[in-house]
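Okay, here's what each chain looks like letter by letter:
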Amino acid sequence: MRASASASLSAPAPDGRRRAFYEPVHGSAPDIAGQDKANPVAAMLSFAMALDLSYGRKADAELLEAAIAGVLADGQRTADIVEPGGQALSTTGLGDAVLGALDRLAR
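Keep in mind the model is a prediction, meaning the values are calculated, not measured.

Helix and strand counts for the chain come out as 3 helices and 4 strands. When the helices and strands of the chain are listed from N to C terminus, the series reads β-β-α-α-β-β-α. Taking the principal axes of the C-alpha coordinates as reference, the chain spans close to 55 × 40 × 20 Å. Per-residue burial for the chain yields a buried fraction of 22% across its 107 residues. The long-range share in the chain, meaning contacts at least 24 apart out of those at least 6 apart in sequence, stands at 48%. Accessible area of the chain: about 7000 Å², with a carbon and sulfur share of 53%.

Below, the structure written as structure tokens:
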């Protein structure tokens, strides 16, 4: 499973900071809006990029990436990427699974 996160970064300002825009590469999926079916992984990975590149929180970015990787490795996935025979999670369910993994990793 490959989730595509992206960052558009400006040239560095004199203070070294950049303007940045982070987003998942996939579309907005209006056909499933409000149904708790969307896959949030690319959005979460985009936030991990923001933590690293805009906020200087590399360790936090790596922690989030590890939590996401662990959840996916455990087979916890949304319907679009669930493996045959697996049980699909909702958007909220996958988010909760990542939060739980973050909590365990941060201890």
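This next bit is on the nonpolar core. Counting residues in each nonpolar core, the largest one holds 15 residues, and the members touching the most others are Val41, Leu64, Ile68, Val71, Leu72 and Val98. If you list the elements that add at least two residues to this core, you get α1 (41-53), α2 (58-73) and α3 (91-106). Here this core gets 6 residues from one element, more than from any other, and that element is α2.

Within the secondary structure, Thr78 is located in strand β3 (residues 77-78). The buried category is assigned to Thr78, whose relative accessible area is 0%. Separated by 3.5 Å, the side chains of Thr78 and Asn39 make a polar contact. When neighbours within four sequence positions are excluded, Thr78 is seen to be in contact with Lys37, Ala38, Asn39, Pro40, Ala88, Leu89, Ser90, Thr91 and Leu94.

The next point concerns the pattern of salt bridges. Counting across every chain of the model gives 5 salt bridges. The shortest N-O distance in the salt bridge between Lys58 and Glu62 comes to 3.8 Å. A residue pair is termed a helical-turn pair when its members lie 3 or 4 positions apart in one helix, as Lys58 and Glu62 do in helix α2 at 4 residues. Note on Lys58: relative accessible area 47%, which makes it partly exposed.

Another point: α1. In a regular helix each residue adds 1.5 Å, so 13 residues correspond to 18 Å; α1 covers 18 Å between its end C-alpha atoms and thus fits that length. Of the positions making up α1, those classed as buried are Val41, Ala42, Met44, Ser46, Ala48, Ala50 and Leu51. In this structure, the buried residues of α1 make contact with β1 (5-9), β2 (20-24), α2 and α3.

Close contact between α2 and α3 brings their axes to 8 Å; oriented N to C, the two are set at 120°. On the basis of their axis angle, the class for α2 and α3 is oblique. Our pair here, α2 against α3, has a crossing hand that is right-handed. Along the contact surface, α2 presents Leu63, Leu64, Ala66, Ala67, Ile68 and Val71, while α3 presents Leu94, Ala97, Val98, Ala101, Leu102, Leu105 and Ala106.

Tracing the sequence through the fold places Asn39 in the loop between β2 and α1. In this structure Asn39 comes out as buried when scored by relative accessible area, which is 16%. For Asn39, the side chain forms a polar contact with the main-chain nitrogen of Val41, separated by 2.9 Å. Reaching out from Asn39, the side chain makes a polar contact with the side chain of Asp80 at a distance of 3.2 Å.

Conventions adopted
- Residues numbered from 1 in each chain as written.
- Predicted model: local features only at pLDDT ≥ 70, side-chain atom pairs only at ≥ 80, totals over all residues.
- Heavy atoms only, no water.
- Helix = DSSP H or I, 4+ residues; strand = E, 2+ residues; numbered from the N terminus.
- Buried < 20%, exposed > 50% of the residue type's maximum accessible area, 1.4 Å probe, protein only.
- Contact = heavy atoms within 4.5 Å.
- Areas by Shrake-Rupley, 256 points an atom, 1.4 Å probe, with all protein chains shown as cover.
- Core = buried A, V, L, I, M, F, W, Y, C linked by side-chain atoms within 4.5 Å.
- Polar contact = N/O pair within 3.5 Å; in protein donor to acceptor, adjacent residues only side chain to side chain.
- Salt bridge = Lys/Arg side-chain N within 4 Å of Asp/Glu carboxyl O.
- Expected span 1.5 Å × (residues − 1).
- Axes fitted to C-alpha atoms, helices over the stretch in contact; angles between N-to-C directions.
- Parallel < 35°, antiparallel > 145°, perpendicular 65-115°, else oblique.
- Left-handed = near helix turned anticlockwise from the far one by under 90°.

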